[in-house]
Amino acid sequence: MSESAIITTNNVNLWYNEKHALESVSIRVPKNRVTALIGPSGCGKSTLLRCFNRLNDLIDHVKITGEIMLDDENIHAPSTDVVTLRKKVGMVFQKPNPFPKTIYENVAYGPRVHGVRDKAELDRIVEESLRHAAIWDEVKERLNDSALGLSGGQQQRLCIARTLAVEPEVILMDEPCSSLDPIATAKIENLIERLKEDYTVIIVTHNMQQAARVSDYTGFMYIGKLIECGKTRQIFEHPKEELTENYITGRFG
Amino acid sequence: MAEKFHTELKKLKADTLKMAQLGRFMLRTAVDALIRQDKELAASVVAKKDEIHDMEVRIEEHCYQLIALNQPMAKDMRIIACTLKVITASLRIGRYGKSIANTVVDLSSKPHIANLMSIPHMADLVIDMIDDAIAAYESDDLRPIEDLSSRDDTIDALRHSIFREGITYMMEDPKNISRCTHYIMVARYLERCADHACKIAENVQYMETGERVEIH
């Protein structure tokens, strides 16, 4: 990977109590690219993803060693403000989780937390974020309706819009399509393709075809280790490691 | 699911081997018919043309079906990609066999000039190359095809030598022109068959390693 990296990890180890969930993971995540993490259940791909915005801090008895750099800043340094970090590194979860508020309020919530008060400015951010998330045309007439009335696919795009509203640099997606039907999935995948113009996307997916379709780089993880990481085309056409080969050809997992 | 797919892949390879063997058989038998001036044997080669064509269509359809239903990746994908090339090459080899068989009618009325020059020897070498390429496809072992490039150089040299020798006999006696033109064409067909053996080898190399190489 010769492209400039936005996130670099160096020898990251993570334990949940005694369980060694990540073992010496070193990965470079190129900027303005989509990187997919694949691997069998429990291999640590979501755990690694959650390291990037320190979501694991919220879990008791977690111990992390090693370095995680975001734009040359160590995200575990005492000077790092976690709220600022999570503004820079947004996250979209497996199950759409809109707030039980209006569509408008869902998107405006983040900017408000970060101090935007001006109504016109908020209106602009809401519209721009919804447009970026490819859902504006579907909701522009009903911004004051409850977000819970949207379909699953719309809710997920609303959650992406909510993430975009605070202008992150990196968007983490943890199985963003696994609760969606194929059409809603295709919309999210198209959206991911467009998002990489302005953001860096890291996506965890159990769906290998999806990883192959949407990503530029793919990392394969197995029992807490990053086995192989490279250009998606290389990983899916001729992986270097036998383990990767066996996993992506369905011989295990 | 994956198990069923891998069973299907094995069947695909087995069918492809049968087709490759048929193409090889057509070429070998055609050359034998030419050497022995056996018109019946030649006719039996021509009669195989529909069979090999049908096999190609069937295997090709099977490949597309496996791709559409299983979205194969890594080596699985490479096996199918290689198979599509192997069947095309095998069909060509079979059809060159048929073309050689077609010359037997014209070439059986009188004895061969100079015992067919180097054609029988050239045919043996080409068929060895085809055998080794097929063996590599079957066994996933690249050793039989390691030296295919230099063997192909020998084939090119033999074709050139047959061409020059043919011209010499034509100049000696214009009655030889028709016969020697056939010989030169047969040498050309054999040389193309060696190229197809190299094509198969290139694709087996890709199937095994993911690396593209050129063998010629």
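The structure presented is a predicted model; accordingly, all values stated were derived computationally and were not measured.

A. Local environment of the overall build of chain B. A tally of helices and strands in chain B yields seven helices and zero strands. Seen in sequence order, chain B has helices and strands lined up from the N terminus as α-α-α-α-α-α-α. For 216 residues, the compact-globule estimate of 2.2 N^0.38 gives 17 Å, and the C-alpha radius of gyration of chain B, at 19 Å, lies within 12% of that figure. Considering only C-alpha atoms, chain B reaches an extent of 65 × 35 × 20 Å along its principal axes. The buried share of chain B, reckoned over its 216 residues, is 49%. In chain B, once contacts between residues fewer than 6 apart in sequence are set aside, the share between residues at least 24 apart is 83%.

B. Structural view of the overall build of chain A. A tally of regular secondary structure across chain A gives 10 helices and 10 strands. For a compact globule of 253 residues, the expected C-alpha radius of gyration is about 18 Å, and chain A comes in at 18 Å, within 12% of that figure. Its C-alpha atoms give chain A principal-axis dimensions of roughly 55 × 45 × 35 Å. Taking contacts inside chain A between residues at least 6 apart in sequence as the whole, the part at least 24 apart equals 68%.

C. Geometry of the pairing of strand S7 (residues 170-174) of chain A. Residues and elements named next belong to chain A. For S7, a buried count of five out of five residues is recorded, marking the element as mostly surrounded by other parts of the structure. Every second residue of S7 is oriented toward a common face, with Val170, Leu172 and Asp174 on one face and Ile171 and Met173 on the other, all of them buried. Taken together, the four bridges between strand S6 (residues 89-92) and S7 define a ladder with parallel strand orientation. Considered in S7, the bridge of Val89 is made with Val170. Pairing analysis gives five bridges linking S7 to strand S8 (residues 200-204), with the strands arranged parallel. Bridged to Val170 within S8 is Thr200. Remark: the S7/helix H7 (residues 182-195)/S8 crossover connection has right-handed handedness.

D. Structural detail: the sheet that holds strand S3 (residues 34-38) of chain A. Residue and element names in this part refer to chain A. The six strands lie next to each other as S6-S7-S8-S3-S9-S10, forming an open sheet whose pairing is mixed. Looking at the sheet topology across the chains shown, the edges are occupied by S6 and strand S10 (225-231). The sheet shows a mean angle of 20° between the axes of neighbouring strands, taken without regard to direction. Pairing geometry for S3 and S8, over four bridges, is parallel. For Thr35, the partnering residue across the bridge sits in S8 and is Ile202. Sheet strands in contact with helix H6 (residues 152-164) are S6 and S7, and its direction is about 170° off that of S6.

E. Quick peek at the interface of chain B and chain A. Between chain B and chain A, the contact holds 14 residues from the first and 12 residues from the second. Contact with chain A buries area across many residues of chain B, yet His6(B), Met73(B) and Ala74(B) alone supply 48% of it, more than any other trio. Summed over the shared surface of chain B and chain A, the result is one salt bridge. At the junction of chain B and chain A, the tally comes to eight residue pairs in polar contact (both at pLDDT 80 or more). Contributions of two or more residues to the side of chain B that touches chain A are made by helix H1 (2-36), helix H4 (74-107) and helix H7 (177-209) of chain B. Of the residues forming the side of chain B that touches chain A, the biggest block, five residues, is contributed by H4(B). Of the residues in the side of chain B that touches chain A, the class split is five nonpolar, five polar and four charged.

F. How the structure looks around the packing of aromatic side chains. Residue and element names in this part refer to chain A. Applying the stated rule across the entire model yields six aromatic pairs over all chains. Between Phe220 and Tyr247 the ring centres are 5.0 Å apart and the planes differ by 25°, which places this aromatic pair in the stacked class. Here Tyr247 lies in helix H10 (residues 242-248) and Phe220 lies in strand S9 (residues 217-222), a separation of 27 residues in the sequence. With 5.4 Å between their ring centres and 70° between their planes, Tyr222 and Phe252 make a pair best called edge-to-face. With Tyr222 in strand S9 and Phe252 in the segment after H10, this pair connects stretches of sequence that are 30 residues apart. When its relative accessible area of 25% is taken as the criterion, Phe252 is described as partly exposed.

G. The pattern of salt bridges, seen in detail. A complete count under the given rule lists 30 salt bridges over all chains for this structure. A salt bridge links Glu193(A) to Lys196(A); the nearest nitrogen and oxygen atoms lie 3.7 Å apart. Residue classification places Glu193(A) among the partly exposed positions, given a relative accessible area of 41%. For Lys196(A), a relative accessible area of 16% puts it in the buried group. A cluster of three or more residues bridged by salt bridges with shared partners is formed by Lys13(B), Lys75(B), Asp140(B) and Glu208(B).

H. Geometry of the sheet that holds strand S4 (residues 62-70) of chain A. Residue and element names in this part refer to chain A. On the basis of which strands lie adjacent, the open sheet formed by four strands has the order S2-S1-S4-S5 and antiparallel pairing. Either end of the sheet is taken by a strand with one partner, and the two such strands are strand S2 (19-30) and strand S5 (73-74). Where strand S1 (residues 5-16) and S4 come together, eight bridges link them in antiparallel fashion. Each residue of the ladder has a partner; that of Tyr16, found in S4, is Val62.

I. The side chain of Glu56(B), seen in detail. For Glu56(B), the location among the structural elements is in helix H3 (residues 49-70). Excluding residues within four positions of it along the chain, Glu56(B) makes contact with Met19(B), Ile87(B), Thr88(B) and Leu91(B).

J. Highlighting helix H5 (residues 119-139) of chain B. Residue and element names in this part refer to chain B. The first and last C-alpha atoms of H5 sit 30 Å apart over 21 residues, in line with the 30 Å expected at 1.5 Å per residue. For H5, the complete set of buried residues consists of Ile119, Met122, Ala123, Val126, Ile127, Met129, Ile130, Ala133, Ile134, Ala136 and Tyr137. In this structure, the buried residues of H5 make contact with H1, H4, helix H6 (148-172) and H7.

Calculation rules
Residues numbered from 1 in each chain as written. Chains lettered and ligands numbered in written order. Predicted model: local features only at pLDDT ≥ 70, side-chain atom pairs only at ≥ 80, totals over all residues. Heavy atoms only, no water. Helix = DSSP H or I, 4+ residues; strand = E, 2+ residues; numbered from the N terminus. Rg over C-alpha atoms; globule rule 2.2 N^0.38 Å. Buried < 20%, exposed > 50% of the residue type's maximum accessible area, 1.4 Å probe, protein only. Contact = heavy atoms within 4.5 Å. Pairing = 2+ DSSP bridges. Right-handed = clockwise from strand over helix to strand, strands pointing away. Axes fitted to C-alpha atoms, helices over the stretch in contact; angles between N-to-C directions. Buried area = accessible area lost by both parts, 1.4 Å probe. Salt bridge = Lys/Arg side-chain N within 4 Å of Asp/Glu carboxyl O. Polar contact = N/O pair within 3.5 Å; in protein donor to acceptor, adjacent residues only side chain to side chain. Nonpolar A, V, L, I, M, F, W, Y, C, P; charged D, E, K, R; others polar. Phe/Tyr/Trp six-rings, centres within 6.5 Å; stacked < 30°, edge-to-face > 60°. Expected span 1.5 Å × (residues − 1).

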